[in-house]
Amino acid sequence: LRTPRAPRRSAATAAVPVAEPLAALEGRNISAWFGDHQVLDRVSLTMPAGVVTSLIGPSGCGKSTFLRILNRMHELVPSASLAGEVLLDGEDIYDPSRKLVEARKHIGMVFQKPNPFPAQSIYDNVIAGLKLTGTRASRDEKDELVESCLIKAGLWKEVKDRLRAPGAGLSGGQQQRLCIARSLAVKPRVLLMDEPCSALDPTSTRVIEETMLELAHEVTIVIVTHNMQQAQRVSQQCAFFLAAQGTPGAIVEHGDTEAMFHDPVDPRTFDYVNGRF
Ligand code: ADP
Ligand code: MG
């Protein structure tokens, strides 16, 4: 077991980071727009440390937008604007004195479509984040990091003999696990996963779910999923988003996953989790 140490502060000279404690993430009164089009209306959700939270709801209700706001990716869209706050262990990630890379390195992201750097080797894919965050590491440290991240992502055994092969040569499920390994290399405290299994076959999906359950011990996970069984298998907390008839997306109901699926409070939640729309 690794002993958590105080986070190192200077990105430019930081060595490979040690694991930091699990962090809580909180969105407070998040509203979001693309131009004049409001897509989220005062969404508040606490994602406690060590809890896997799933975001469910029909397409277009703002789940991905909410996730991207949690990672400061929303602001990269020129027409996008937002109101509200995002707190990582109580600290505002939108604090203007915080550099984007500094705010974001604690919050990893995995997308629906696996997006490894195709021409780069498996090895270089895993350590790509070190360069982005200005983290220096010796060859041995890199080797160790690549191995540990690939183990955590459940990919090590399959690729350990071909670490120098390009990422593009892997299957879809392997590529997604490579992306998980890449996101873990900067030791995020929160991992956001936007439909990480939607493009994958059932076997790869199961492997990734097992990986998530393991990872949940060291990183707070938020997952968007359309797979209701998956939400029940991997998450302890669930939030149901809905954008009713042209209104912006909002959370209808959130809480304990089991309760949401078996004893929902709102009839719309009942209809959704039972596949009625
Ligand atoms: P979900 O992930 O729940 O399917 P999204 O967050 O992707 O929903 O989308 C929410 C709304 O925001 C939709 O109406 C969508 O068309 C709109 N939207 C998403 N991304 C953009 C964008 N880059 N520019 C303009 N509108 C967008
Ligand atoms: Mg989406």
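Residues numbered from 1 in each chain as written. Chains lettered and ligands numbered in written order. Predicted model: local features only at pLDDT ≥ 70, side-chain atom pairs only at ≥ 80, totals over all residues.

**Topic: the site of ligand 1**
Every residue near ligand 1 is listed here: Phe-34, Val-39, Ser-59, Gly-60, Cys-61, Gly-62, Lys-63, Ser-64, Thr-65 and Val-77. Here the shell around ligand 1 takes 3 residues from helix α1 (residues 63-70), the largest share from any one element. A class-by-class count of the residues in the shell around ligand 1 yields 4 nonpolar, 5 polar and 1 charged. (Near = placed C-beta within 6 Å. Helix = DSSP H or I, 4+ residues; strand = E, 2+ residues; numbered from the N terminus. Nonpolar A, V, L, I, M, F, W, Y, C, P; charged D, E, K, R; others polar.)

**Digging into the environment of Arg-42**
As for its position among the elements, Arg-42 is in strand β2 (residues 37-47). Overall, Arg-42 belongs to the partly exposed group, with 13 C-beta atoms counted inside 10 Å. Arg-42 sits 11 residues away from Ser-31 along the chain, and the two C-alpha atoms are 4.9 Å apart. Leave out the neighbours within four places in its chain, and Arg-42 touches Asn-29 and Ser-31. (Buried ≥ 20, exposed ≤ 12 C-beta atoms within 10 Å, placed from the backbone. Contact = placed C-beta atoms within 7 Å.)

**A few points about the pairing of strand β3 (residues 52-56)**
For a regular strand, side chains alternate in direction, first toward one face of the sheet and then toward the other. Here β3 lies mainly inside the structure; 5 of its 5 residues are buried. The alternating pattern of β3 places Val-52, Ser-54 and Ile-56 and Thr-53 and Leu-55 on opposite faces, both of which are buried. Relative to strand β8 (residues 220-224), β3 runs parallel, the two sharing 4 bridges. Paired with Ser-54 across the strands is Ile-223, a residue of β8. (Pairing = 2+ DSSP bridges.)

**Here's the deal with the UniProt feature "domain: ABC transporter" (unreviewed entry) in the protein**
When the UniProt feature table is mapped onto this chain, "domain: ABC transporter" (unreviewed entry) is found at residues 25-273. Annotation note: span residues 25-273, helix share 35%, strand share 26%, distance between end C-alpha atoms 25 Å. (UniProt positions renumbered as here; feature names shortened; annotations may be inferred.)

**Quick word on helix α7 (residues 172-184)**
The end-to-end C-alpha distance of α7, which contains 13 residues, comes to 19 Å, matching closely the 18 Å that a straight helix rising 1.5 Å per residue would cover. Burial of α7 is extensive: 12 of the 13 residues sit out of reach of the surface. Among the residues of α7, those classed as buried are Gly-173, Gln-174, Gln-175, Gln-176, Arg-177, Leu-178, Cys-179, Ile-180, Ala-181, Arg-182, Ser-183 and Leu-184. (Expected span 1.5 Å × (residues − 1).)

**Things to note about the sheet that holds strand β4 (residues 80-88)**
Read across the open sheet, the 4 strands follow the order β2-β1-β4-β5; overall the sheet is antiparallel. Each having just a single partner strand, β2 and β5 (91-92) make up the two edges of the open sheet. Pairing geometry for β4 and β5, over 2 bridges, is antiparallel. Considered in β5, the bridge of Leu-87 is made with Asp-92. Docked against the sheet, α1 engages β1 (25-34), β2 and β4, running at close to 120 degrees with respect to β1. (Axes fitted to C-alpha atoms, helices over the stretch in contact; angles between N-to-C directions.)

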